[in-house]
Amino acid sequence: MLLARLKAGGPAIAKQGILVAFIVFMITFSLMSDRFLSADNIMSVFRQSAIIGVMALGVTIVVIGGNLDLSVGSMLSFATVLVVDLHDKIGPELAIPVMVLATLCLGAINGFLIGILRLNSLIVTLGMLSAIQGLVLIYSGGQNVDIVDQTGTWFAIFGRGAMFGIATPIIIFLGLALVFHVIMTTMPFGRRVHAVGGNPTASIFSGIPRSRVVFMTYLISALCVAIAAIILGSRVMGSQNNVGLGYELQVLAAVILGGTSLLGGSGSILRTVLGVLMLAFIQNGLILMGQPYYTQWLVTWVVIIVAVWLDVAAKRGRLFSPIA
Amino acid sequence: GTLALASAATADTVRIGITQNNVGIDSYQTTYERAFIEAAEANPNVDVIVLDAGGDVARQISQMQDLIQQNVDAIIIWPTDGQALVPAVRNAHREGIPVIVTNSNIAEAGMEFIAAFSGPNNIQQGIYSAEMMCEALDGEGQIVQITGMPGYTTAIERQQGFDDRLAELCPGVTQLDIQPGDWNRERAQRTMETFLTRFDQIDGVYSGDDNMGVGALNAAIAAGRAEGMVFIGATNFAVGYDAMARGEYWGSVYQSPVDDARAALQTALDVLAGEDVPKLNYFDTPKITQENMHEFDRPVF
Amino acid sequence: MAYFYQNPLLRWLMRNPIWGFVLIIFIFFSLSADHFFSERNLMNIVVQTSTIGLIALGMTLVMINGNIDLSVGATLALAAAFAVDVQSWAAFSTWGNWQILPAVCLALLVGILMGAINGFIVWKTGVDAFIVTLGAMLGIRGLVFVYTGEQSFYAMNFAYSDFSFMTIGPFPVLAVIFGIAVLAVHWLLSRTVHGRNTYAVGGNREAAVNAGIRVGPHMMINFMLIGFLAALSGVLLSTQMGAATPNLGRDYELWVITAVVLGGTKLTGGKGDIIGTLGGVLAIGILRNGMNLMQVPAFYVYVILGSILIAVLFLDKRFNRTADGGLRL
Amino acid sequence: MNVNREPALRLQGIVKTFPGVRALDGVDFEVMPGEVHALLGENGAGKSTLMKVLAGMYQPDEGQIIIAGQKVRMTTPIEAKAQGVILIHQELSLVPEMSAAENIYLGELPRKSLGRVDWKTLEARSNAILKRLRCNFRAEVTVANLSIANQQMVEIARALTVDARVVIFDEPTASLTDAEKVVLFDIINDLKAQGVGIVYISHRMDEIFTLSDRITVLRDGGYRGTLNTADTNEDEVTRLMIGRSLDLSRDEAAREFGKTMLDVRNLTCPGLFENVSFSVRAGEVVGFYGLVGAGRTEIAETLFGLRKPTSGEILVDGETVEIGSPRAAIAMGISLVPENRKEQGLVLQMNCRDNMTLPQVQDLTAGPFLSQGAELAIFDQYRDRLAIKTPSWRQSAGVLSGGNQQKIVIGKWLSMQPRVLIVDEPTRGIDVGSKSEIHQLLRELAAQGYAVIVISSEMPEVLRVSDRIVAMYHGRIMREFSIDEVTEDSLVQAISGITSDTAA
Ligand SMILES: Nc1ncnc2c1ncn2[C@@H]1O[C@H](COP(=O)(O)OP(=O)(O)OP(=O)(O)O)[C@@H](O)[C@H]1O
Ligand SMILES: Nc1ncnc2c1ncn2[C@@H]1O[C@H](COP(=O)(O)OP(=O)(O)OP(=O)(O)O)[C@@H](O)[C@H]1O
Ligand SMILES: [Mg+2]
Ligand SMILES: [Mg+2]
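Residues numbered from 1 in each chain as written. Chains lettered and ligands numbered in written order. Predicted model: local features only at pLDDT ≥ 70, side-chain atom pairs only at ≥ 80, totals over all residues. Heavy atoms only, no water.

S.K.: Would you explain the overall build of chain C in this entry?
M.R.: In terms of helices and strands, chain C carries 15 helices and four strands. C-alpha atoms of chain C, sized along the principal axes, occupy 70 × 55 × 35 Å. Of all 329 residues assigned to chain C, the portion counted as buried reaches 63%. Considering only contacts in chain C between residues 6 or more positions apart, those separated by 24 or more positions represent 78%. Accessible surface computed for chain C: about 12000 Å², of which carbon and sulfur atoms make up 70%. In chain C, 17 side chains carry a positive charge and 13 a negative one; their mean positions are 13 Å apart. (Helix = DSSP H or I, 4+ residues; strand = E, 2+ residues; numbered from the N terminus. Buried < 20%, exposed > 50% of the residue type's maximum accessible area, 1.4 Å probe, protein only. Contact = heavy atoms within 4.5 Å. Areas by Shrake-Rupley, 256 points an atom, 1.4 Å probe, with all protein chains shown as cover. Lys, Arg positive; Asp, Glu negative; His and termini not counted. Charge placed at Lys NZ, Arg CZ, Asp CG, Glu CD.)

Here is the structure:
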């Protein structure tokens, strides 16, 4: 059926491979657990996905620009440790800007090495992943940091508060997604990122400042990490040195699930949101069903491949690759 | 500094190499490392080489080789994995270098090759937690468990001690589910949130350490269901201690990394001095609850 | 300066800056770390390097092919688990030391199978290998946990772990196996039709398709090779441990890719060789070993490794200006 | 020709659709053994698609392929090759990092035992083929180091590796010099004499009329008929192709030139070009003519801020300027239509409209947002003006036919309203209809006061559009001709490095 649709060019929905996978998946899970689609649970999953989600928004832009960012995990550790540690030392109103600035500096280093020196982004951000993790450990002396007065600080609103009955992390995540979506689809900067990711040489020939655009994508990614760190620090009211360990891969998985091409030049913020939610719902759904944690990994394996496959198949108009 | 120290080594200075599991993954290990170095510096006759395996078994094996290569007098190892280090330990044993295992023990097969073990008894800690849970719930109730990073010895042993003892001591307490929190507070918080959605009635939560326990507590407070819920952890962290002081956290197991580190060094020195050291040197890790917490210092980590 | 370009050794080093780097750190550690320059330590380095080195050989093939494999760490763990567990199966209980043989064979087969699955999916679905193997990295790790039930396995038979301490002449057997593998893959890549097609497929996939190379099966074979090499690495690692743990090999994919890229293989495919890869893994091995011997504090090791990685990349870029024809792009 | 013989290959009623495009609509086509059959059509008419169907790269939706009387299904290039059908691609299909020999035998490297490559045989055979093609390089060189023309020869060499039944040349001469063309035509005649059927696709009428026996014309994916070359003429073919006759004359309206817009003095980039001086006035078209590799592209790149000259001066509108980047060049009113549309001109996966507005995207805004209206207005204007064939502005530029892609790039730079417009090989791969339109357009632009530089390797092109011609050889300007004084002979001499005194 689907195959026939795909062949015929199909209605618009069949072209949204990820969306189809997402809907099928949500229906399956809701049949298997009656709690799954409850308002509480949906809110809870949205809230939980905000941290990964906010980071994924930034990484989506980096990837559309034709690069990768694997340093977001340890950068998150860095930012969270910093903001939590400074919270008690200089107060949240100073801690936040200081942390944001410091994180942007790390983003600027990435941007300089990749955008201006044109070094390979996979390896540079891998190196940064390691180096930043070391920096965090040196800064904190390997100790965890905690906010002592957890109830009396306004810092709590970012992770624990709510506005109009909706948890703040959700508002931040979805709000930011909307802003980025608008930037990427309707503003010159978004167009330039797409162009640079799609064909850097042609972009230069069109007078686009490639270095500056790439540099900016890394600054945006770092900014997203800083925002995620505020949510995280406020939600947990403390931080381990390696809170962000392995987050880079979850973030990347979400971006990929959203159908953003790793080759650069195409991708969509809103579909990244879908990818983030899908991963979060998998984790949540399987625990709701009482499955052991590793089934989550197995299911994620299958879902990633099937979803991206559907997406790729819809784009090329046939299910199997024509390669012999 | 290495060169100077090494050349200053005289006949009565001993060189001890330590390879740690994963410094920096949590404050416990960091504090341990610092305490160990302080203790060694306090003793003019000890020269230490401190290495970290970063949680990677293979790297720890290479570090064992590197230490054997340097011909140290004794090796202290905090195994990343109890079983996988057996041949490496055996190798050191063959080379005539005594091995002292610290914090979490080596597998049964390796016992004959080590000089001594020094550290807490993780299974016993699980047992303590089960006993506290039983007591707090009066033998009746439904609980969930949040474990450490899957596949690591400490996580496995604590869970094992807890599960076995709980089943034996109070069959009236049922475990609804067990999921990992990866030693990560945010992750534990997420896991707990899902538990709260899934189960209408949760009477108690056992977490593999207090860091995760506080994450679970945060989730319960946010859901407005913390009242009357029993939180029990292990490895008393400062956050756990504070939560206990506020009356939100029921109990934990007190384990001092400083004691741990000092005990390991002392055991190694005793072995080198030729004293008769018992194979298993557990240092005490008592239960800590809201009632007796004033007897303990607030943990530094 | 003219001399600089005429001397063949220097010219070779300019094209393979990683070997220059290996030379520099080798001299540096020999001078500054006490126990570094000794036959035994050098053998240690080779043995320590062989774990990621074996996988890196396979990764070189896959990356020249224009693909990547992120699932090698998990495959390694799965193979190690099989290698150790199968020995204790009742069916082989009467085989004595020979029980190791079916275990190792099965483990290697499992590795090949995992590679085949990845390769088949890449071939048939046309989904990027990065994505396919990112999924597999999670999935195969899941299989490891299903299979082991979270526990570590250990070999009852010490003959298994004794193997890793054996030597052939002055050389540890693990180093010898690694050496043979290096030569074999180098031969495969530079001398055989399959090897040349590997470059063709990575250099211009469309051209390869047009020329009638069966690109799908070809890529699948390379995925099976890396699966085999990852499994072999897992087996050898498990002999060093006499055990297998479910978390074995985490993050290895990143180190392997790093080593291969440092060795000059292009992430986009079509370019690279085994000599460079060998330099890449040795660089990482020597750095690790040297810093251990010099007792660099753990926190600083992260920073140093990360910075060096970027620095080498930078130097490589300086020396091997890419062919943008001098355009300011 | 013997009409009773079996065709070497026959296509019947081939239909092929892509999303939104019916690329082939019931096309019939046949090649006889020993025949050169030319395939003609506008850009996007479906020529390449038809040949890809033939070579097993695309599956037709309907229709059949008949080889030697047998109906065959060819699902892969391998099967096509096995049937003796060889396609020399329009876009180079080489592996740049490998040697010429390996590229020639790609997919069928000679083997020894153990799957080893038989290097000796490989190199001996490829060198023999290259010799036959009169190439002056060895088979061991890496393809990336060869000029585009030589790469094209490597591509052509592939046709000689097997006993072919049918060889398809898809625009093989786009980047060949005249001398190389002669060699190619010899080879084609050789093959023909051996009874091989040849399909020849080109936009160059002169080639088609020298080479072919029959001509088949496609239009908008439909079959328009087959003519015997001997019985027809350019005009008839053109009319079949584009539905009208072409006016190929030069517009001779008298021209007033304005002030000097661009003045280049002693510009030098060592190794590329030296001491280059010329000027272009408003309203003037200056043609740069020379052999491939003469350094014309490099001058254009320098003027566009992509290269840093070591010495010399550039004056734009009377002021000395430093051009540090394409951005700076654009700001000064310079536009460059680059030589390589796929790599330098287009973001292939981006849609046509966005590609066209890319250089001015920052200015097409309403508040902080892009103005859809302004963008579409530009696109519509230049689509109509250049007759760009695309189903909608949403189409990715990558799936357009080569000619239409080129028009998008030209449109992109015209829409910048430049003072100085540089076009580098503007009609490479473009059909005769569009070509004449582009020529007219360049003239019109000049008439509107633009200063235009046209770089071209086709003599008729420079002769038709230029007011002045600069002849280059080996990075130097040999001579400048005004259009009134130029003759074909003097031009040929100038670009071959023969100065007037040595010639005399
Ligand atoms: N893969 C594809 N997907 C969608 N449309 C395509 C694809 N390939 C070709 N087309 C469309 O099919 C039509 C025929 O294209 P084709 O490349 O065969 O033209 P052509 O006659 O070779 O033109 P040119 O002379 O410019 O090379 C064009 O409209 C083109 O846009
Ligand atoms: N024989 C050759 N060997 C190697 N590289 C070459 C050769 N000929 C040209 N090139 C390079 O190939 C690139 C493309 O050059 P091209 O031949 O188009 O030069 P050009 O002078 O711009 O030619 P045109 O006159 O066609 O514009 C240039 O960078 C040139 O240096
Ligand atoms: Mg074509
Ligand atoms: Mg040119």
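On we go.
S.K.: Can you help me understand the coordination of the magnesium ion (ligand 4) in this one?
M.R.: When a metal carries six donors in an octahedron, the ideal angles between them are 90 or 180 degrees, while four donors in a tetrahedron ideally lie at 109.5 degrees. Residue and element names in this part refer to chain D. In this structure, Thr297 (OG1) and Glu339 (OE) serve as the protein donors to the magnesium ion (ligand 4), at separations of 2.0 Å. On the criterion of sequence distance, the pair formed by Thr297 in helix H9 (residues 296-303) and Glu339 in the loop between strand S16 (334-337) and helix H11 (341-345) is long-range, its members being 42 residues apart. Using a relative accessible area of 29% as the deciding quantity, one classes Glu339 as partly exposed. (Donors = N, O, S within 2.8 Å, 3.2 Å for Na, K, Ca; no water.)

S.K.: What is the right way to look at the environment of Ile438(D) in this model?
M.R.: All names here are of chain D. Its location among the elements puts Ile438 in helix H15 (residues 432-447). Sequence spacing of Ile438 and Leu160 is 278 residues, and the spatial spacing of their C-alpha atoms is 37 Å. Apart from the residues lying within four places of it in its own chain, the contact partners of Ile438 are Ile410, Pro426, Thr427 and Ile430.

S.K.: Help me out: how do you make sense of the site of ligand 2 in this one?
M.R.: All names here are of chain D. As a structural note, the neighbourhood of ligand 2 is formed by 14 residues, with Gly293, Gly295, Arg296, Thr297 and Glu339 the closest of them. At a separation of 2.4 Å, an oxygen atom of ligand 2 approaches a polar backbone atom of Gly295. The leading source of residues in the shell around ligand 2 is H9, at three residues. Residue classes in the shell around ligand 2 are distributed as three nonpolar, six polar and five charged. (Near = heavy atom within 4 Å. Polar contact = N/O pair within 3.5 Å; in protein donor to acceptor, adjacent residues only side chain to side chain. Nonpolar A, V, L, I, M, F, W, Y, C, P; charged D, E, K, R; others polar.)

S.K.: What exactly am I supposed to notice about unusual backbone geometry here?
M.R.: For residues besides glycine, phi is generally negative; the peptide bonds are generally trans as well. A positive phi is found at Glu150(C), a non-glycine position, where the angle reads about 75 degrees. Examined against the element boundaries, Glu150(C) turns out to sit in the loop between helix H7 (129-148) and strand S1 (153-154).

S.K.: Is there a simple way to explain the interface of chain C and chain A in this structure?
M.R.: By a widespread convention, an interface's size corresponds to the accessible area lost as its parts come together. Tallying the contact residues gives 49 residues for chain C and 48 residues for chain A. Of the roughly 4300 Å² buried between chain C and chain A on both sides combined, carbon and sulfur atoms contribute 82%. The largest per-residue losses of area from chain C upon contact with chain A belong to Phe299(C), Ile310(C) and Leu329(C), which jointly make up 15% of the total buried on that side. Our count for the chain C to chain A interface comes out at zero salt bridges. For the pair chain C and chain A, the number of links is four residue pairs in polar contact (both at pLDDT 80 or more). For the side of chain C that touches chain A, the secondary-structure elements that each account for two or more residues are helix H6 (100-125), H7, helix H12 (215-241), helix H13 (252-262) and helix H15 (298-319) of chain C. With 15 residues, the single largest contributor to the side of chain C that touches chain A is H7(C). Residue composition of the side of chain C that touches chain A, by class: 32 nonpolar, eight polar and nine charged. (Buried area = accessible area lost by both parts, 1.4 Å probe. Salt bridge = Lys/Arg side-chain N within 4 Å of Asp/Glu carboxyl O.)

S.K.: Hey, could you run me through the sheet that holds strand S1 (residues 14-20) of chain B in this one?
M.R.: Strand pairing in a sheet takes place through backbone hydrogen bonds and is either antiparallel or parallel in direction. Residues and elements named next belong to chain B. As summarised here, the arrangement of the six strands in space is S2-S1-S3-S4-S5-S11, forming an open sheet in which the pairing is parallel. Whereas interior strands pair on both sides, the edge strands pair on one side only; in this sheet they are strand S2 (46-52) and strand S11 (280-282). Going across the sheet, the axis of each strand differs from the next one's by a mean of 20 degrees, ignoring polarity. Pairing of strand S4 (residues 99-102) with strand S5 (residues 116-119) involves three bridges; the strand directions are parallel. If you follow Val101 over to S5, its bridge partner there is Phe117. Contacting S1, S2, strand S3 (74-77), S4, S5 and S11, helix H10 (residues 257-272) crosses the sheet at an angle of about 160 degrees to S5. (Pairing = 2+ DSSP bridges. Axes fitted to C-alpha atoms, helices over the stretch in contact; angles between N-to-C directions.)

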